[in-house]
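Inside the fold
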Amino acid sequence: MKLTVKKSSFVDNILVPASKLSDNLSLKVKEGKVGTLVTSGDNSIILQTAVACEADSDAPCIIPDCKAFLRLFSSIGEEDATLNVEENLISHKSKNFSFKYHLLDENYFGTKKSISEDKLDQLSFDTEFNVTKQKFTEILKYNSIIPDAEKLYFVTQGGGVVAKLGDEQKCNTNEIVTEVSSSFVGSSLEESIPVNIQNILLLSFSSDMIKVSINHKLKIFKLETSTTKYIISGLVK
């Protein structure tokens, strides 16, 4: 398979987010896009992401070390990067740089429990709001100020949404509360649903606006942009 992608988009929306969650990366081509579904080790985070591509087939490609491949791919000089995928290796060749990198056998993933993308797409959500990437970065910065605060809560307040970094289950825990959105759509949050802040630290977004959706009953969060979608399991009190 000959696969051509925009280098910056492929790095920002696939390789960097995937490398934070998993060692291995399974790429699939479908309807003019190359994408992946990646889970964290405990399945508490699911990443779905895809970018536009040109490909002459839809052969799957399983990369064994995502971080190593990220370093290789980032060394390509051209913005339009072309990869050649063969049965057991992926390669690139240009005027000043080339590489060959061996792939995993497709049977390796056959032993892993698969997650249904159709079921993920069918999930419904009760509350939705938008958060800027800058505000999201601020929340992560606050974690370095009060590292003992292990949970992030979203709460509707008035007509907007606030985020609280802290731990309601522990005494004498520092906390920070900040408004993240001036409005929301859907139901108000009658009770706060916590997310492990360590899971939030593993997320990566390239877009300036992030849409947050919450399923109250299942305690599931969806954070998405036009190219990237995370499904995160909330913590049970």
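Our subject is the structure listed above.
Keep in mind it's a predicted model, so treat the numbers as computed, not measured.

What counts, and at which threshold
Residues numbered from 1 in each chain as written. Predicted model: local features only at pLDDT ≥ 70, side-chain atom pairs only at ≥ 80, totals over all residues. Heavy atoms only, no water. Helix = DSSP H or I, 4+ residues; strand = E, 2+ residues; numbered from the N terminus. Rg over C-alpha atoms; globule rule 2.2 N^0.38 Å. Buried < 20%, exposed > 50% of the residue type's maximum accessible area, 1.4 Å probe, protein only. Contact = heavy atoms within 4.5 Å. Areas by Shrake-Rupley, 256 points an atom, 1.4 Å probe, with all protein chains shown as cover. Pairing = 2+ DSSP bridges. Salt bridge = Lys/Arg side-chain N within 4 Å of Asp/Glu carboxyl O.

Digging into the overall build of the chain
A count of helices and strands for the chain gives 6 helices and 17 strands. Its C-alpha atoms give the chain a radius of gyration of 20 Å, within 12% of the compact-globule value 18 Å for 237 residues. If one aligns the C-alpha atoms of the chain with their principal axes, the spans along those axes are about 55 × 35 × 30 Å. Split into buried and exposed, the 237 residues of the chain put 46% on the buried side. Taking contacts inside the chain between residues at least 6 apart in sequence as the whole, the part at least 24 apart equals 63%. If you sum the accessible surface of the chain, you get close to 12600 Å²; carbon and sulfur atoms cover 46% of it.

Some remarks on the side chain of asparagine 215
Positionally, asparagine 215 belongs in strand S15 (residues 209–215). Since its relative accessible area comes to 8%, asparagine 215 is described here as buried. Those residues in contact with asparagine 215 that lie beyond four places of it in its chain are Ser124, Phe125, Asp126 and Ile220.

Quick word on the pairing of strand S16 (residues 220–224)
A large share of S16 lies buried, amounting to 5 of its 5 residues. On S16, burial covers both faces: Ile220, Lys222 and Glu224 on one face and Phe221 and Leu223 on the other are all buried. Taken together, the 5 bridges between S15 and S16 define a ladder with antiparallel strand orientation. Among the inter-strand pairings, valine 212 is bridged to a residue of S16, identified as leucine 223.

As for the pattern of salt bridges
Under the criterion given, the structure shown has 8 salt bridges. The salt bridge partner of lysine 211 is glutamate 128, with a shortest N-O separation of 3.5 Å. With lysine 211 in strand S15 and glutamate 128 in strand S9 (residues 127–132), the pair connects residues that are 83 residues apart, well separated along the chain. Accessibility expressed as a relative area gives 31% for lysine 211, which makes it partly exposed. Residue glutamate 128 is classed as partly exposed on the basis of its relative accessible area of 26%. Among the ionic pairs, lysine 135 bridges to glutamate 138, the shortest N-O distance being 3.1 Å. Here lysine 135 and its partner glutamate 138 are both found in helix H5 (residues 133–145), 3 residues apart, which amounts to about one turn of the helix. By relative accessible area, lysine 135 is classed as buried at 17%. A residue is classified by how much of its surface remains accessible, and glutamate 138, at 22% relative accessible area, is partly exposed.

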